[in-house]
Amino acid sequence: MAAEPRNSRRGGATPRRGAVQHRIGVADRMRGWLRHHMEVARQALVRLWSTPLASLMTLAVLAIALALPSFIFTALKNVEQLSAGIDTDPHISLYLDVTLSAERVDQLSRELLLRDDLVSVELISPEKGLEDFRRYTRFDDLLEFFDSNPLPAVITLIPRSSDPAALTRMQQALAQLPEVEEARLDLEWVRRLAAFMALAERSAWVLGGLLSLTVLLVVGNTVRMTIESRRDEILVSKMVGATDAWVRRPFLYSGVWFGLFGALLAWLLAQLALALIAEPVQALATLYLNGYVVQGLGIGASLTLLSTGMLLGLGGAWIAVGRHLRDIEPG
Amino acid sequence: MTAIRFSNVGKRYPNGHEALTGLNFALESGELAFLTGHSGAGKSTLLKLIMLMERPTRGEVWVGEQDLSRLPRKQIPFHRRQIGVVFQNHQLLFDRSVFDNVALPLQISGYDPVDAARRVRAALDKVGLLSREKLNPVTLSSGEQQRIGIARAIVHKPRLLLADEPTGNLDPALSEDIMHLFEQFNRIGTTVLIASHDLSLINRLRHRVLTLQGGRLVDDGR
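Everything numeric in this text was worked out from a predicted model, so none of it was measured. (Residues numbered from 1 in each chain as written. Chains lettered and ligands numbered in written order. Predicted model: local features only at pLDDT ≥ 70, side-chain atom pairs only at ≥ 80, totals over all residues.)

(A) Highlighting the overall build of chain B. Along chain B, the regular secondary structure elements total seven helices and ten strands. Taken over the C-alpha trace, chain B has a radius of gyration of 17 Å; the compact-globule value for 222 residues is 17 Å, and the two agree within 12%. Based on the C-alpha atoms only, the size of chain B along its principal axes is roughly 45 × 40 × 35 Å. Counting contacts in chain B only where the partners sit at least 6 residues apart, residues at least 24 apart contribute 71% of the total. (Helix = DSSP H or I, 4+ residues; strand = E, 2+ residues; numbered from the N terminus. Rg over C-alpha atoms; globule rule 2.2 N^0.38 Å. Contact = placed C-beta atoms within 7 Å.)

Below, the structure written as C-alpha cells:
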C-alpha cells in the first residue's frame, strides 16, 4: 500500500538550505505495517470490551442470528444420518401375465431366488392376492363383476442395492422378461424423504442467507456508530497523511472481532440447543435404529461457523467503512 | 529552489463564493513568510490548497517540484506527510496522552517505535514540554496545547510548515513565544508560511508579508 512519495526528494544538487527529510526504507515500512496491524487488532479488542454492555448486546444479536442456521443444519444432518440407517429397502413388484400357468409362475419365482442381487423373493399367487384384497379393502363387492379371478400373480423382490439408479436399471431389465406384464419400483417412500430433505435444506439456506444479511447489517451499523464517535481522530489522521487503508483498518478489525465473538457465542448456543433436544431425538432414533448417537456440530461445521462469522463481520465493517469514511474529509 | 508556487490560482466554491482570484506568488525554500488579511480574505483557503484539502478551480499550485493538479487522490496522504500543519484550534486528541498525540504522524508513516519515541521526545523538548509527555492534553493550558500542536507538526521534520492563526487564542507574550519557535524551525531550513491577522506582532518580526484582500493578493511582500 505504501507507495513511495512522488516528490519526496528535491531534484538537483544539495539544497542550499533545508531540513534533512526523514526517509523510511521498505523493510521498515513492512515492519511498521505488520506492527500497525497487530496494534490495531489489539486496540479494536480493547475498545470492544471498553463498552461491555453495548458490545454484549450486539454480540447476542449476532450469536442468535448465527446459531439458528447452525442448529438447523446440524438437525438436518442428523435426520440424514438417521434416514440412511433406517430400513427403507425399496421393493420391486412384478405383475405377471394373467395367462401364465401356476407352474410357470412358480418356476419363475424359483429362478429369481437364485439371483444373488436380490435379498428376498416373495410370491403372491392370484388366490392369495384375492384374499388380501377382500381382507384389506372395502371394494370386495367389485369382484362380483368378474367371472374369474382378475388378479395376476405378483412377485415382490427386495434388491440388495439401494442406489436409485441401479434399482431403476434392474426394474427395466425385469420388465423385459416375457412373463412380466409390469415391473413397479416402489421408491415412493425414499423419494418423499429425499424431497422433504431437499426442501428443508433449501429453506435452511434461505434462512441462513437472511440471517447472514442480519449479521452484515448489525455489524455495519455498529461500526458506523464507532466511525462517528471517532470522527476527530479520523480527521486529524488524514490531515497528517494517513492513507485510506490506515484509517479503515481499526474498523475492519472491530468487524472481525464482532464476527468472531458472535460466532463463538453462536457455537455455544447451538451446542446448548442440540443438548436440549438430544434426549428425545435419541429416544426417537432407537425406535428405528439401534446404536444411533446424536451428532453435534463437529469440527468442520464449527470451523465453518467461526470463519463465516469472521467473514460476515469483516464484510459488514467493510460496507460501513466504504459508505462513511469518504464523507469524513478534512476541509 | 521554490517551495510553493501559485500561478494564476482561483478558487470558487460551489455556492458561487469566489474565495481566491488570480493568485500569483512564490515562496522560496527556506523562507519564512506571513500571510495576512481580514478574516474571509482567503488565508485558510490558500493553506487548504497547499494541503490538498481543496482543489483550485483555476490555475496551478506547485509544492516543490510537484504540480498538485497532477497528483492523484491516492497520493494525497504522501503529499501531506511532507508538510507540517499547525491549526488555530490545535486539533489535539483528548483520548490519548501528549506523547501519543505527537507520535501520530510517525505511527502513520510507519516509524519504528523506538526511533519514533526518540523523535517525539526531541520534538517535545524543542517546544519545552518534555516533562508533560504522559499527561492528557486536556489538562494543559491553551498555550501549551498549541505547543503540542506545533510539536506534532514538526516531529517528522517536514520541509514545509504551515500554520493557520497559530496564536489566535493566545495572549501577546505567548504569541510572541510561539512565533519565535517558528523562527527557530526556519533557521534550520524549514520553509514556514504562517497565516495570521496579528499585524502588530507580524510587523515587529520583520519577515516577508503576503497580504490578501477579498481573495486577491494585494501585496506579495517583495
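Having seen the structure, we can now continue with the description.
(B) The domain arrangement of chain A, seen in detail. You can read the domains of chain A as domain 1 (34-85 + 193-327) and domain 2 (91-186). Put simply, the middle of domain 1 of chain A and the middle of domain 2 of chain A, counted by C-alpha atoms, are 56 Å apart. (Domains from an automatic or database assignment.)

(C) How the structure looks around the sheet that holds strand 2 (residues 118-124) of chain A. Residue and element names in this part refer to chain A. The sheet built from four strands is open, its strands ordered 2-3-1-4 with antiparallel pairing. The sheet terminates laterally at strand 2 and strand 4 (180-186), the two strands that pair on one side only. The mean angle between the axes of side-by-side strands here comes to 20°, regardless of whether they run parallel or antiparallel. Judged from the six bridges that link them, strand 1 (residues 91-96) and strand 4 form a sheet pairing that is antiparallel. Its bridge partner lying in strand 4, S93 is registered against R184. (Pairing = 2+ DSSP bridges. Axes fitted to C-alpha atoms, helices over the stretch in contact; angles between N-to-C directions.)

(D) The arrangement of the sheet that holds strand 5 (residues 66-67) of chain B in detail. All names here are of chain B. On the basis of which strands lie adjacent, the open sheet formed by four strands has the order 2-1-4-5 and antiparallel pairing. Here the strands that pair on one side only, and so sit at the sheet edges, are strand 2 (18-28) and strand 5. Across seven bridges, the pairing between strand 1 (residues 2-12) and strand 2 is antiparallel. When the bridges of strand 2 are listed, K11 appears paired with L20. Lying on the sheet, helix 1 (residues 43-51) is in contact with strand 1, strand 2 and strand 4 (58-63); it crosses strand 1 at an angle near 120°.

(E) Inspection of the pairing of strand 4 of chain B at higher detail. Residue and element names in this part refer to chain B. Sheet topology note: the strand 1/strand 4 ladder contains five bridges and is antiparallel. Within the sheet, the bridge partner assigned to F6 lies in strand 4 and is V61. Across two bridges, strand 4 lies against strand 5 in antiparallel orientation. Looking at the pairing, W62 lines up with D67 of strand 5. Linking two consecutive strands that pair antiparallel, namely strand 4 and strand 5, is a turn of two residues; a positive phi of about 60° is found at G64 within it.

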